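Listed below, chain by chain, are the residues.
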Amino acid sequence: MLYSVRMRAAADATHENGGRHISGAERLVSFDEITPTAAAMLARAFTHSRGQADFININIEAIHQQAIIKVPLLPVITENKPTVSTGRAAALTALRKAGITPRAAKRGMAELLALPDSMRGAILLCAETGVRLDSNAQRGIRVSRMDIADETGFIHWLTKQGFTNIHVREALVLAAKVASCPGILAELCWSDDPEYTAGYVASKTVYIRFPHLKSVGDPIGGRILFVEPNSDIEKLISYLESKPVLVTVPSGGENY
Ligand code: WAQ
Ligand code: MG
């Protein structure tokens, strides 16, 4: 049996009552790991660079082994664009290469730039028209119930590529689950941690990092998931939120 451990933290009020999103985390762990995982999540919520958390939810649920599917990590490429504007332009190009129309790609970028503050979830947009598809204006869709299958192998795989921080680790696991979701063509993301400026575009086949998708000190980040036209949105949301997924390291531990 594995257990889904989820955390979300807000300041000033609960998320439901319009509180400011501070931090969130998602893991799938064994019984013995529940307590240390929950403790680490609490510590993280209370020491976050987005501010002091006042309301924290930790949710623990048993997951039946037979419900779990395995999906692979995406190979990673870094495009070293030196500025935010060149990074964003390259991210738009990457989205177009992933099959997103120029209009939808631009709208996705504009949605992130128009956020008054970070949401706790992701925005769903039509990959053709750029129209918003989810109805959770403040909340978005939270991708949950995923983790890496082999932590040691993952750390080895990351270290070989020079990745050491938790942002990239978590983002790669989330992007692998999102890429495996039927109907999702691509994802655009940058961090909501003020000091972390990197972001990425992920497609079904590759995760492209851009070191500067926002300026240092900016606390607004987010995620846009681009959805193939005529997809079954309810099914897609159910997969993202509820399907338990373990992410595997490519065999041989190679990047490609
Ligand atoms: N499901 C859906 N949306 C989420 C989730 C989730 N589980 N977690 C975060 N988000 C959304 C939410 O709107 C956050 O405000 C936003 O994404 C950013 O979250 O170097 O750190 O956890 O390759 O701050 C990307 C670059 C880092 C990593 C992303 O995101 C790299 C990051 P953060
Ligand atoms: Mg963050």
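Residues numbered from 1 in each chain as written. Chains lettered and ligands numbered in written order. Predicted model: local features only at pLDDT ≥ 70, side-chain atom pairs only at ≥ 80, totals over all residues. Heavy atoms only, no water.

**Q** So what's going on with the site of ligand 1? Residues and values would help.
**A** Near ligand 1 there are 26 residues, and of these G121, V143, D192, Y196 and R209 occur at the shortest range. A distance of 3.4 Å separates a nitrogen atom of ligand 1 from a polar atom in the backbone of A122. In this structure, V143 approaches ligand 1 through a main-chain N or O atom, which is 2.7 Å from a nitrogen atom. For ligand 1, the protein covers 94% of the area, taking 700 Å² as the surface of the free molecule. For the shell around ligand 1, the elements supplying multiple residues, two or more each, are α5 (166-179), β8 (184-190), β9 (199-202), β10 (207-210) and β11 (222-227). (Near = heavy atom within 4 Å. Polar contact = N/O pair within 3.5 Å; in protein donor to acceptor, adjacent residues only side chain to side chain. Areas by Shrake-Rupley, 256 points an atom, 1.4 Å probe, with all protein chains shown as cover. Helix = DSSP H or I, 4+ residues; strand = E, 2+ residues; numbered from the N terminus.)

**Q** Describe in detail the coordination of the magnesium ion (ligand 2), supporting the description with residues and values.
**A** Taken together, the protein ligands of the magnesium ion (ligand 2) are D192 (OD) and D193 (OD), with distances of 2.1 Å. Residue classification places D192 among the buried residues on the basis of a relative accessible area of 16%. D193 sits in the buried class, given a relative accessible area of 10%. (Donors = N, O, S within 2.8 Å, 3.2 Å for Na, K, Ca; no water. Buried < 20%, exposed > 50% of the residue type's maximum accessible area, 1.4 Å probe, protein only.)

**Q** Any chance you could break down unusual backbone geometry for me, citing the residues and the numbers?
**A** One non-glycine residue, D12, lies in the positive phi region at around 75°. Structurally, D12 is set in the loop between β1 (2-11) and β2 (20-29). Residue classification places D12 among the exposed residues on the basis of a relative accessible area of 66%. Within the chain, R145 stands out as a residue other than glycine whose phi angle is a positive 60°. Positionally, R145 belongs in the loop between β6 (123-126) and β7 (146-148). Owing to a relative accessible area of 10%, R145 belongs among the buried residues under this scheme.

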